[in-house]
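A structural walkthrough
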Amino acid sequence: MGIFSRFKKGLQKGAQALQGAFDSVTGKGGLDEDSLLQIEEAFYESDFGVETTEEILDSIREAHRTEKEFKGEDARKLARTILGRTLEGSEAELNLSQSSSPEVLCMIGVNGSGKTTTCAKLAHQLKAEGKEVVLGACDTFRAAATEQLKSWADRLDLEIVVGHHGADSAAVAFDAYSAGESRGKNLVIIDTAGRLHVKDNLMDELAKMKRVLQKRNESAPQHSWLVVDGSTGTNGLAQAKVFHEKFGLTGLVVTKLDGTAKGGALVSIFRELKLPIYFIGLGESPEDLQPFSVEYYLDSIFPAAEGEGGE
Ligand SMILES: Nc1nc2c(ncn2[C@@H]2O[C@H](COP(=O)(O)OP(=O)(O)OP(=O)(O)O)[C@@H](O)[C@H]2O)c(=O)[nH]1
Ligand SMILES: [Mg+2]
């Protein structure tokens, strides 16, 4: 499956919600207050956030008032343009330096957001690109967590450093870094235990992991990504703010965008934090983790109308 097809298929539900609203007004001679409310509601329900939704609706209302021939289709295009502008700077590529010591990427986030699977999928993709990667199974909190990452590593033939259940996660991170260094790896990907951003003791544990890593390499971790479940909507924003404050994030991964109509949450999170979105999750297979592309995202949620070309 091509990359755009993956986006389109994954974002299908999110697209339907918006499309329904716009479809009901395209074809109509013009927009009326009723249809504008319908569009507004669809943006709110998809979790694009208050600011973005208001900006879009204000622009549509203004154009509707001042342009004689302004139709539903024009409203859709205007919304797309504004979202494109809002998402400027949200794409990012993981570039690893060629230095002799490995870089470190910490994958953090609340329980069940998709950290462990993202670690495995990313390691798999980087390996396919010829990068040398080692995984650190630093979720020592849950007995099954190490096993989960280990079974991915076995299946995808990835190198992994594990600690025993209940071990100090910072110590496992330290070991993983040491292994990465002695084996000449480019990147150490650290899987961490899920934690609620409001639990101070668990947040302190993350800070400790960072301190311990910095004893080996003062610029580690070079990458700290928050993995956010895209289907939890604006909840993700509250989490992201706290994790960013306490740990200093460098980027985001937004998972589970397949199967949710709340695909707009990534826009509100980006708008607020201005952290690049490195990857998005569009399903459970390794290939469903895709570098975020604004163009593919917008093309998926605003499919070209008939006669406009496109897929
Ligand atoms: N549909 C879908 N499922 C996903 C995606 N990403 C992760 N999952 C699933 O979400 C579930 C939780 O993923 P994990 O990677 O275990 O999440 P985690 O953050 O490591 O969870 P904890 O370690 O318990 O905090 C798994 O069943 C994954 O297969 C995605 O993009 N789409
Ligand atoms: Mg996990």
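From a predicted model like this one, the values you see are computed outputs, not experimental measurements.

Within the structure, ligand 1 sits among 20 residues, and Lys115, Thr116, Thr117, Asp258 and Glu284 are positioned closest to it. In the model, an oxygen atom of ligand 1 is placed 2.8 Å from a nitrogen or oxygen of the Gly114 main chain. A distance of 2.9 Å separates an oxygen atom of ligand 1 from a polar atom in the backbone of Lys256. Considering ligand 1 on its own, with 660 Å² of exposed area, one finds that the protein chains cover 81% of that surface. In this structure the site holding ligand 1 corresponds to the largest pocket. Residue contributions to the shell around ligand 1 peak at four residues, all from helix α6 (residues 115-128). Partitioning the shell around ligand 1 into residue classes produces two nonpolar, eleven polar and seven charged.

Roughly 420 Å³ of volume is contained in the largest pocket. If you go around the largest pocket, you meet 23 residues; those closest to its centre are Gly112, Ser113, Gly114, Lys115 and Thr117. Among the elements that line the lining of the largest pocket, the one with the most residues is α6, at five residues.

Moving on to the side chain of Thr192. Among the structural elements, Thr192 can be located in the loop between β4 (187-191) and α9 (200-216). Polar side-chain contacts of Thr192 include one of 2.7 Å to the backbone oxygen of Met107. Apart from the residues within four sequence positions on either side, Thr192 is in contact with Met107, Ile108, Lys115, Cys138, Asp139, Leu206 and Met209.

Our next topic: helix α10 (residues 235-247). Along its 13 residues, α10 runs 18 Å from first to last C-alpha, staying within 8% of the 18 Å computed at 1.5 Å per residue. Among all positions in α10, only Gly236, Leu237, Gln239, Ala240, Val242, Phe243 and Phe247 are buried. Along its buried surface, α10 packs onto β1 (103-108), α9, β5 (223-229) and α11 (265-273). Note on α10: the residue one or two positions beyond its end, Gly248, has a positive phi of about 75 degrees.

In this structure, Phe43, Leu266 and Tyr297 are the most contacted members of the largest nonpolar core, which totals 71 residues. It is helix α8 (residues 169-182) that provides the largest number of residues to this core, a total of six residues. Each of domain 1 (3-90) and domain 2 (103-298) accounts for three or more of the residues forming this core. The contact partners of Leu266, leaving out residues within four places of it in the chain, are Leu87, Val254, Leu257, Ile277, Ile280, Phe292 and Tyr297.

What follows covers the side chain of Thr140. Looking at the secondary structure, you find Thr140 in the loop between β2 (133-137) and α7 (143-156). Overall, the relative accessible area of 6% leaves Thr140 in the buried class. Polar side-chain contacts of Thr140 include one of 2.7 Å to the backbone oxygen of Ala167. Every residue in contact with Thr140, bar those within four places of it in the chain, is listed here: His164, His165, Gly166, Ala167, Asp168, Ser169 and Val172.

This part is about the packing of aromatic side chains. Across all of its chains, the model carries eight aromatic pairs by this definition. Here the aromatic cluster, defined as three or more aromatic residues joined through ring pairs, consists of Phe22, Phe43, Phe48 and Phe302. Sitting above the plane of the Trp152 ring, Arg155 keeps its charged end 4.5 Å from the centroid. Over the face of the ring belonging to Phe174 we find Arg216, whose NZ or CZ atom lies 5.2 Å from the ring centre.

Another aspect to go through is the sheet that holds strand β3 (residues 159-162). Pairing is mixed in the open sheet, where eight strands are placed in the order β3-β2-β4-β1-β5-β6-β7-β8. Each having just a single partner strand, β3 and β8 (289-291) make up the two edges of the open sheet. With strand direction ignored, the average angle separating the axes of adjacent strands in the sheet is 25 degrees. Note that β2 and β4 share five bridges and pair parallel. Paired with Gly136 across the two strands is Ile190, which belongs to β4.

Once that is clear, we can look at the domain arrangement of the protein. Each assigned domain of the protein is listed with its residue range as follows: domain 1 (3-90) and domain 2 (103-298). Placing the centre of domain 1 and that of domain 2 at their C-alpha centroids yields a distance of 32 Å. Regarding the contact of domain 1 and domain 2, the summed buried area is about 2500 Å², with carbon and sulfur atoms giving 63% of it. For the pair domain 1 and domain 2, the interface holds three salt bridges. For Asp288, the salt bridge goes to Arg6, with nearest N and O atoms at 3.1 Å. Put simply, domain 1 and domain 2 have nine residue pairs in polar contact (both at pLDDT 80 or more) between them. Listing elements by their share of the side of domain 1 that touches domain 2, those giving two or more residues are α1 (3-10), α2 (12-23), α4 (50-66) and α5 (72-86). The element best represented in the side of domain 1 that touches domain 2 is α1, accounting for five residues.

Thresholds, definitions, all that
Residues numbered from 1 in each chain as written. Chains lettered and ligands numbered in written order. Predicted model: local features only at pLDDT ≥ 70, side-chain atom pairs only at ≥ 80, totals over all residues. Heavy atoms only, no water. Near = heavy atom within 4 Å. Polar contact = N/O pair within 3.5 Å; in protein donor to acceptor, adjacent residues only side chain to side chain. Areas by Shrake-Rupley, 256 points an atom, 1.4 Å probe, with all protein chains shown as cover. 1 Å grid on protein atoms, 1.4 Å probe; cavity = no way out; pocket = protein on both sides within 12 Å on 5 of 7 lines; lining within 4 Å. Sits in = over half its atoms within 2 Å of the grid points. Helix = DSSP H or I, 4+ residues; strand = E, 2+ residues; numbered from the N terminus. Nonpolar A, V, L, I, M, F, W, Y, C, P; charged D, E, K, R; others polar. Points joined across faces, edges and corners; volume = space filled by probe spheres on them. Contact = heavy atoms within 4.5 Å. Expected span 1.5 Å × (residues − 1). Buried < 20%, exposed > 50% of the residue type's maximum accessible area, 1.4 Å probe, protein only. Core = buried A, V, L, I, M, F, W, Y, C linked by side-chain atoms within 4.5 Å. Domains from an automatic or database assignment. Phe/Tyr/Trp six-rings, centres within 6.5 Å; stacked < 30°, edge-to-face > 60°. Lys NZ or Arg CZ within 6 Å of the ring centre and 35° of its normal. Pairing = 2+ DSSP bridges. Axes fitted to C-alpha atoms, helices over the stretch in contact; angles between N-to-C directions. Buried area = accessible area lost by both parts, 1.4 Å probe. Salt bridge = Lys/Arg side-chain N within 4 Å of Asp/Glu carboxyl O.

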